[in-house]
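Listed here are the chains, written in short residue letters.
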Amino acid sequence: MRNLSNISFISGLYFCWLLLIWLLFDYTPTNDGVGYIELAEMCLAEGQPYPTLSAMHYDSLPFIWNIGIINLTALSIALFDDIFPLFPLLCLMKALTAWMMAKTAKKLFSERIALIALLLYVLYPNNWGQSTMISSEIPADFLTMAAVFLIVRLPENKKLLFVSGLLLAVSNWFRPTAPIFLVAVGLWLVCVLRLQSWRPLLLMIAGYACFIVVVGTSTYVRTGHFVYQARSLWFSMVDECYDGAAVAPHWDQPTWPEGYPRYIEHHEQLDCFECERIWKERSISWLKDHKLEYLKKIPGRIYYMYQSDYDFLTVFLPDKDHAEDNFIIIPFRHLLSEASSLTAVQWLALLTMLFYGLLLLGAVTGSVVFVRRGQYQALLLPLSVIILGTLMLTLVMHGETRFKTPLMPFIFMLAAAGFTSSLSPSHGSATAACLS
């Protein structure tokens, strides 16, 4: 116990807490999770990994979905005839993400900020229930955090950059958000570490490209299509590229809404790639004449992405058998009049909202403090991930609250900086010599 660091000890307790939550409240069905299971079972029936040729046909799904989590689900079912083993693994990934977040914060800032960030992460209620769901976000966030962790702590071994690039590509296989980190980390390497050559950056890109080539080629051999990540971009994009498209997320809309540009007549005769080509043409055609109109939607999308953060509290719902009903509504406009009728889960969601508001306030405060003290080197990586991630996500799709999950560890880092006044200048600049 004497050799166990505070960060490791707290992360271990967090892992036990997540396991306890899962054991007490069991599996939480979600719409995405149910879809992943269906596709995994279909792939097992065909004896192939996802995507298969039949999975590319419209009556399965009109786009290629998150490949990694579907294959991980299929592997669990193949080995254990159950999804049960997935959840301890997801709990472990979530806890390790917290551990790596703290270790990264310690390297960038200070040990005190790292511990505060970790405690905030562990105590935040919305971080308790996600690992009871079949989630593409947890593996993707774990892998991206691992890549960032290795890069920030890599001065002894430049070859770890190749491994980091590989990890980012695997993360992208689970959920296509890795380009955010590829750009942000590349910016950090160039600006903070002041590279004398492009070799370290090229090593990271080489690792990323290596995975793409191997996975894409293997899929091409099986299906005739070079696929290495989800391909739902134009399915989502075309739903935003028409006159009068709402800024808010389009909930409960059918897959083939007649009268809208996503609808394709005789779509039953096409595969997902032919549909993708049509949606891409329609989207680009509309965007050519409506660039400003589209860009004006981004502030609204940012609002919808950041307006709340209690999606994963559905783990505590008393009846959660039906995925489509697993959501929490807080009557904000009538909160005082309906306070007496709120359920325990709604009260927890309100508490989480208060916590979330303090996190955002702390993150802004931390950023301002670092700017005023001229500690740009420590600030650059978390702030670039948050800003670039927010803009890149809202540029290509509507804003859902859960879309910001890959950015949250970095918000916790900045919030911890905002909640403490003991910022050590030496930690902010210590990484400047990492690759020298």
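Preceding block: the structure.
Criteria and thresholds
Residues numbered from 1 in each chain as written. Predicted model: local features only at pLDDT ≥ 70, side-chain atom pairs only at ≥ 80, totals over all residues. Heavy atoms only, no water. Helix = DSSP H or I, 4+ residues; strand = E, 2+ residues; numbered from the N terminus. Expected span 1.5 Å × (residues − 1). Phe/Tyr/Trp six-rings, centres within 6.5 Å; stacked < 30°, edge-to-face > 60°. Buried < 20%, exposed > 50% of the residue type's maximum accessible area, 1.4 Å probe, protein only. Lys NZ or Arg CZ within 6 Å of the ring centre and 35° of its normal. Arc of directions from axis to C-beta. Contact = heavy atoms within 4.5 Å. Axes fitted to C-alpha atoms, helices over the stretch in contact; angles between N-to-C directions. Left-handed = near helix turned anticlockwise from the far one by under 90°. Nonpolar A, V, L, I, M, F, W, Y, C, P; charged D, E, K, R; others polar. Salt bridge = Lys/Arg side-chain N within 4 Å of Asp/Glu carboxyl O. Polar contact = N/O pair within 3.5 Å; in protein donor to acceptor, adjacent residues only side chain to side chain. 1 Å grid on protein atoms, 1.4 Å probe; cavity = no way out; pocket = protein on both sides within 12 Å on 5 of 7 lines; lining within 4 Å. Points joined across faces, edges and corners; volume = space filled by probe spheres on them. Parallel < 35°, antiparallel > 145°, perpendicular 65-115°, else oblique. Core = buried A, V, L, I, M, F, W, Y, C linked by side-chain atoms within 4.5 Å.

(A) Quick peek at helix α15 (residues 344-372). With 29 residues, α15 ought to run about 42 Å at 1.5 Å a step, and its terminal C-alpha atoms sit 42 Å apart, in line with that. G374 lies just past α15 and shows a positive phi near 70 degrees.

(B) Up close: the packing of aromatic side chains. Scanning the entire structure with this criterion turns up 22 aromatic pairs. Ring geometry for F25 versus F316: centroids 4.9 Å apart, planes at 90 degrees, classification edge-to-face. In this pair, F25 is assigned in helix α1 (residues 6-25) and F316 in the loop between α13 (298-306) and α14 (335-338), connecting sequence segments 291 residues apart. For F316, a relative accessible area of 17% puts it in the buried group. Linked through ring pairs, Y36, F63, W65, F235, W256 and W279 together constitute an aromatic cluster. Lying over the aromatic face of F235, R262 brings its terminal NZ or CZ to 3.7 Å of the ring centre.

(C) Main features of α13. Restricting attention to buried positions, one finds in α13 the residues I298, R301, M305 and Y306. Projected down its long axis, α13 carries its buried residues within an arc of 120 degrees, all on one side. Buried residues along α13 sit against α12 (291-295), α15, α16 (376-396) and α17 (408-418).

(D) Examining the packing of α15 against α16 more closely. Two elements in contact, α15 and α16, have axes whose closest approach is 9 Å; the angle formed by their N-to-C orientations is 145 degrees. Taken as a pair, α15 and α16 cross one another with a handedness that is left-handed. Contact residues: α15 offers S367, F370 and V371, while α16 offers Y376, A378, L379 and L383. When the residues that make up the contact of α15 with α16 are grouped by side-chain class, the tally is six nonpolar, one polar and no charged.

(E) Fine view of the pattern of salt bridges. Enumeration over the complete set of coordinates arrives at nine salt bridges. Of the charged contacts in the structure, one is a salt bridge between R175 and E137, with a shortest N-O distance of 3.7 Å. On the criterion of sequence distance, the pair formed by R175 in the loop between α7 (160-174) and α8 (178-191) and E137 in helix α6 (residues 137-152) is long-range, its members being 38 residues apart. By the burial criterion, R175 is buried, and E137 matches it. Put simply, R277 and E281 hold a salt bridge, and the shortest N to O gap is 3.5 Å. Of this pair, R277 and E281 both sit in helix α11 (residues 272-289), four residues apart, which is roughly one turn of the helix.

(F) The arrangement of the side chain of E137 in detail. For E137, a relative accessible area of 6% puts it in the buried group. Looking at E137, its side chain comes within polar contact range of the side chain of R402, at 2.8 Å. Leave out the neighbours within four places in its chain, and E137 touches Q130, R175, R402 and T405.

(G) Structural context of the layout of surface pockets. One number sums up the size of the second largest pocket: a volume of about 190 Å³. The wall of the second largest pocket is formed by Y306, L360, A363, V364, S367, L383, I386, I387, T390, I411 and L414. When residues of the lining of the second largest pocket are traced back to their parent elements, those giving at least two are α15, α16 and α17. The residue inventory of the lining of the second largest pocket, partitioned by class, reads nine nonpolar, two polar and no charged.

(H) Layout of the packing of α1 against helix α5 (residues 111-123). At a minimum axis distance of 10 Å, the contact between α1 and α5 shows a crossing angle of 5 degrees. Taken together, the axes of α1 and α5 are roughly parallel relative to one another. Across the interface between the two elements, N6, I7, I10, S11 and Y14 of α1 pack against A114, L115, L118, L119, Y121 and V122 of α5. Broken down by class, the residue content of the contact of α1 with α5 amounts to nine nonpolar, two polar and no charged.

(I) Quick look at the environment of T223. Among the secondary structure elements, T223 is positioned in helix α9 (residues 199-223). Taking the relative accessible area as the measure of exposure, T223 reaches 9% and is therefore buried. As a C-alpha pair, T223 and I116 span 107 residues in sequence and 49 Å in three-dimensional space. Contact partners of T223, with chain neighbours within four places excluded, come to P51, T52, L53 and M56. For T223, the side chain forms a polar contact with the main-chain nitrogen of H225, separated by 3.2 Å.

(J) Local environment of the nonpolar core. In terms of nonpolar packing, the biggest core is built from 139 residues, with Y50 and F109 touching the most fellow members. Here Y50 is in contact with L39, C43, A55, F63, I64, W65, I67, I70, N71 and R222, once residues within four sequence places are set aside.

(K) Up close: unusual backbone geometry. Omega for the peptide link from Y50 to P51 comes to 0 degrees, which places this bond in the cis form. Look at D26: it is not a glycine, yet its phi comes out positive at around 65 degrees. Turning to its location among the elements, D26 is positioned in the loop between α1 and α2 (31-46). The phi dihedral of H266 falls on the positive side, at around 65 degrees, and the residue is not glycine. Position of H266 among the secondary structure elements: in the loop between α10 (233-237) and α11.

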